[in-house]
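Listed here are the chains, written in short residue letters.
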Amino acid sequence: IMNAIQSLEIWDGERKISISSNSLQNMVRLIFSDSGPGIDSSKSSTVFSPLQTTKKNGTGLGLNIVHRLVKEHGGDISLMSNSNGCTFMIDFPVASETDKYYRHASENNSTKINKRVLIIDDDELVISAIGGIIKLLGCTVTFTTKPLYALEEIKKSDFDIILVDYKMPGINGIDFIKSASKFVDIKKFILITGYIGLDSNELYEKYNIPVLHKPISLDELKHAIAGKPLSYK
């Protein structure tokens, strides 16, 4: 939806987003369509790949995260695009009490993690994806795209976990954590990044800050939010 909104903001034609659903035998299909410029056929085959983007300032992580989440829930996602816009179709299996995905969801819901989490990231799509998962884990989520606003929130609120993006406008995640650690325990911070050149081992040894690399898997996120030590290869 956010990708559709962003594409329509620079579109001079009709601006319309539609969402529908229907059932297909043992599947449920969700359909998201927009009337924007569409995606060039040469790029449509890579839209779900990490670090691939069709936007000027995009991170190339939003749709990759969506793709991984859909797959982790036993579903499939596909794209149809032409000069009349984009359509994303997501198919999920119908759950039953004997279905492994149903059991997996039930097990997840039975072990809630009651923590207050702050997410600081300049990519709203990443915030939406990660924040949605964290809420399902039972946490209360606050988020912002503005590091200076985040500092004020940290000063007045008692967060259990603070997720900080490494690459943000005006300040990087390490410098932000250094500033914020003057008035909050540095053990509350987790650095998140899509920058493949970042050495997780080095950062952990130097600053004692755990690192999650985007796209973050469901299990990695659960592990980190639960406060379990992260292992690095």
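Everything in this summary refers to the structure shown in the same document. Keep in mind the model is a prediction, meaning the values are calculated, not measured.

### Describing the sheet that holds strand β2 (residues 27-34)
Piece 1. As summarised here, the arrangement of the four strands in space is β1-β2-β4-β3, forming an open sheet in which the pairing is antiparallel. Edge positions in the sheet fall to β1 (17-24) and β3 (76-82), since each has one partner strand and no second. Strand-to-strand twist in this sheet, taken as the mean axis angle between neighbours without regard to direction, amounts to 15 degrees.
Piece 2. Packed onto the sheet, helix α3 (residues 62-72) meets β3 and β4 (85-93) and runs at close to 140 degrees relative to β3.

### As for the packing of aromatic side chains
Piece 1. In this structure the tally under the stated criterion is zero aromatic pairs.
Piece 2. One cation-aromatic arrangement involves R116 over F159; the distance from NZ or CZ to the ring centre is 4.9 Å.
Piece 3. The ring of F183 has K155 lying over it, and the distance from NZ or CZ to the ring centre is 5.4 Å.

### Description of the pattern of salt bridges
Piece 1. If you walk through the whole model with that rule in mind, you get five salt bridges.
Piece 2. Residue K155 is joined to E152 by a salt bridge in which the shortest nitrogen-to-oxygen separation is 3.6 Å. One end of the pair is K155 and the other is E152, both in helix α6 (residues 147-156) and three residues apart, which spans about a single turn.
Piece 3. Across the pair K188 and D158 runs a salt bridge whose closest N-O atoms are separated by 2.9 Å. Here D158 lies in the loop between α6 and β7 (161-165) and K188 lies in the loop between α7 (173-180) and β10 (189-193), a separation of 30 residues in the sequence.
Piece 4. Here D158 falls in the exposed class, since its relative accessible area comes to 53%.

### Side note on the side chain of T144
Piece 1. Inspection of the secondary structure assignment puts T144 in strand β6 (residues 140-144).
Piece 2. Non-local contacts of T144, meaning those with residues more than four positions away in its chain, are made with I119, I120, D121, I127, Y149 and A150.

### Considering helix α9 (residues 218-225)
Piece 1. The set of residues buried in α9 consists of L218, L221, A224 and I225. End-on view of α9: buried residues confined to an arc of 135 degrees, all on one side of the axis.
Piece 2. Among the residues trailing α9, G227 stands out with phi positive, at a value near 85 degrees.

### Side note on the environment of S20
Piece 1. One can find S20 in strand β1.
Piece 2. Separated by 12 residues in sequence, S20 and F32 place their C-alpha atoms 6.8 Å apart.
Piece 3. When neighbours within four sequence positions are excluded, S20 is seen to be in contact with R29, L30 and I31.

Thresholds, definitions, all that
- Residues numbered from 1 in each chain as written.
- Predicted model: local features only at pLDDT ≥ 70, side-chain atom pairs only at ≥ 80, totals over all residues.
- Heavy atoms only, no water.
- Pairing = 2+ DSSP bridges.
- Helix = DSSP H or I, 4+ residues; strand = E, 2+ residues; numbered from the N terminus.
- Axes fitted to C-alpha atoms, helices over the stretch in contact; angles between N-to-C directions.
- Contact = heavy atoms within 4.5 Å.
- Phe/Tyr/Trp six-rings, centres within 6.5 Å; stacked < 30°, edge-to-face > 60°.
- Lys NZ or Arg CZ within 6 Å of the ring centre and 35° of its normal.
- Salt bridge = Lys/Arg side-chain N within 4 Å of Asp/Glu carboxyl O.
- Buried < 20%, exposed > 50% of the residue type's maximum accessible area, 1.4 Å probe, protein only.
- Arc of directions from axis to C-beta.

From the geometry alone we can't say anything about function, so treat these as descriptive.
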